[in-house]
Amino acid sequence: MSELGQRLKERREALGLTIGEVSKETRIKPKFIEALERGDYNSLPGDIFARGFIRNYASFLGLDPDEMLKLYSEEAGVSLPTETITPQAELPLERPSPWPLKNLANFLIPLLIIALVAALGWFAYARYQPTLFSVASPTPSPTFSPTPTLSPTPTWTPAPTPTSTPTPALLTLTLVGLDRSWLEVKVDQVLVFRNFINPGDTLSWSGGTIYVKCGNAGGVKAIVNGEDIGPLGGAGEVLNLEWRAGQVRPFLLTPQPTPTPEVTPGT
């Protein structure tokens, strides 16, 4: 295995990611990811595509893309292109053409039509407004009942006291980035975040149960219900943690081994 492929594979496994998950996030086909990790550059569609795959894959894993491309250049025996900046020739400024009279007419005619319609509407309103308000509605004549009917006195019935429904206990988890780290967060079994957190980033969720998978536990600080409990673990440590309602300290879950994908010949 090449040094480049070994470093890519070791970093992916340290983050607990499968080739399928990496392919879904980077949009690189699994067979090309497997070829990069084996150092089989002949199975890639070409040098331009290979360099693009390596840059995207390394950035996704939090590795230095330039360093990985340098390893690829040494192992594949190809030279990396040097980008040159060619000064652009100054183009002569074009004088704006005068606004044609045709455009002026197309602009003024709709305005004149709108003004005419508005004037006609106002004229009709002023002409027929007195007629609308001069029609008096007939006043209904009062009716008298020979014998007044007394209604029974209503009895007062106290309204039932509403019973309060207990609010389910929730917890609020805030994660603060101290260093670049891969995170996967599930709130009540629903995936809400899967990406890198960078220094200075602040992410917050609320729920009954919050699960966090962290690729660099020393690079993430946790605040639970307003209480700062500090970093999740040591630098570079991969942890699977779970918070439950009413608990400030998380439960440490045993990480499941990452399944090794089977490589089918010819893929």
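None of these values were measured; they are calculated from a predicted model.

S.K.: So what's going on with the overall build of the protein? Residues and values would help.
M.R.: Helix and strand content of the protein: six helices and nine strands. For the protein, the proportion of its 267 residues judged to be buried stands at 28%. Across the protein, the fraction of contacts at a sequence separation of at least 24, relative to all contacts at a separation of at least 6, is 54%.

S.K.: How would you sum up the nonpolar core? Please name residues and give values.
M.R.: Leu-4, Leu-36, Leu-44 and Tyr-57 are the most contacted members of the largest nonpolar core, which totals 27 residues. When residues of this core are traced back to their parent elements, those giving at least two are α1 (3–14), α2 (19–26), α3 (30–38), α4 (47–61) and α5 (65–76). When residues of this core are assigned to their parent elements, the largest contribution, seven residues, is made by α4.

S.K.: Quick one: what's the story with the packing of α3 against α4, residue by residue and with numbers?
M.R.: Helix-helix packing is described using two parameters, namely the angle between the two axes and the distance between the axes. The interhelical angle for the contact between α3 and α4, taken along N-to-C directions, is 85°, at an axis separation of 11 Å. Classified by the angle between their axes, α3 and α4 sit roughly perpendicular to one another. In this structure, α3 contributes Phe-32, Ile-33, Leu-36 and Glu-37 to the contact, and α4 contributes Phe-53, Ile-54 and Tyr-57. Per-class residue counts for the contact of α3 with α4 are six nonpolar, no polar and one charged.

S.K.: For the sheet that holds strand β2 (residues 181–187), give the residues involved together with the corresponding values.
M.R.: The strand order across the open sheet built from five strands is β3-β2-β5-β8-β9, with neighbouring strands paired in antiparallel fashion. Edge strands, defined here as strands with exactly one partner in the open sheet, are β3 (190–197) and β9 (251–253). Each strand of the sheet is rotated relative to its neighbour by a mean of 20°, with strand direction disregarded. Looking at chain direction, β2 and strand β5 (residues 209–214) are connected through five bridges and run antiparallel. Each residue of the ladder has a partner; that of Leu-183, found in β5, is Cys-214.

Procedures and definitions
- Residues numbered from 1 in each chain as written.
- Predicted model: local features only at pLDDT ≥ 70, side-chain atom pairs only at ≥ 80, totals over all residues.
- Heavy atoms only, no water.
- Helix = DSSP H or I, 4+ residues; strand = E, 2+ residues; numbered from the N terminus.
- Buried < 20%, exposed > 50% of the residue type's maximum accessible area, 1.4 Å probe, protein only.
- Contact = heavy atoms within 4.5 Å.
- Core = buried A, V, L, I, M, F, W, Y, C linked by side-chain atoms within 4.5 Å.
- Axes fitted to C-alpha atoms, helices over the stretch in contact; angles between N-to-C directions.
- Parallel < 35°, antiparallel > 145°, perpendicular 65-115°, else oblique.
- Nonpolar A, V, L, I, M, F, W, Y, C, P; charged D, E, K, R; others polar.
- Pairing = 2+ DSSP bridges.

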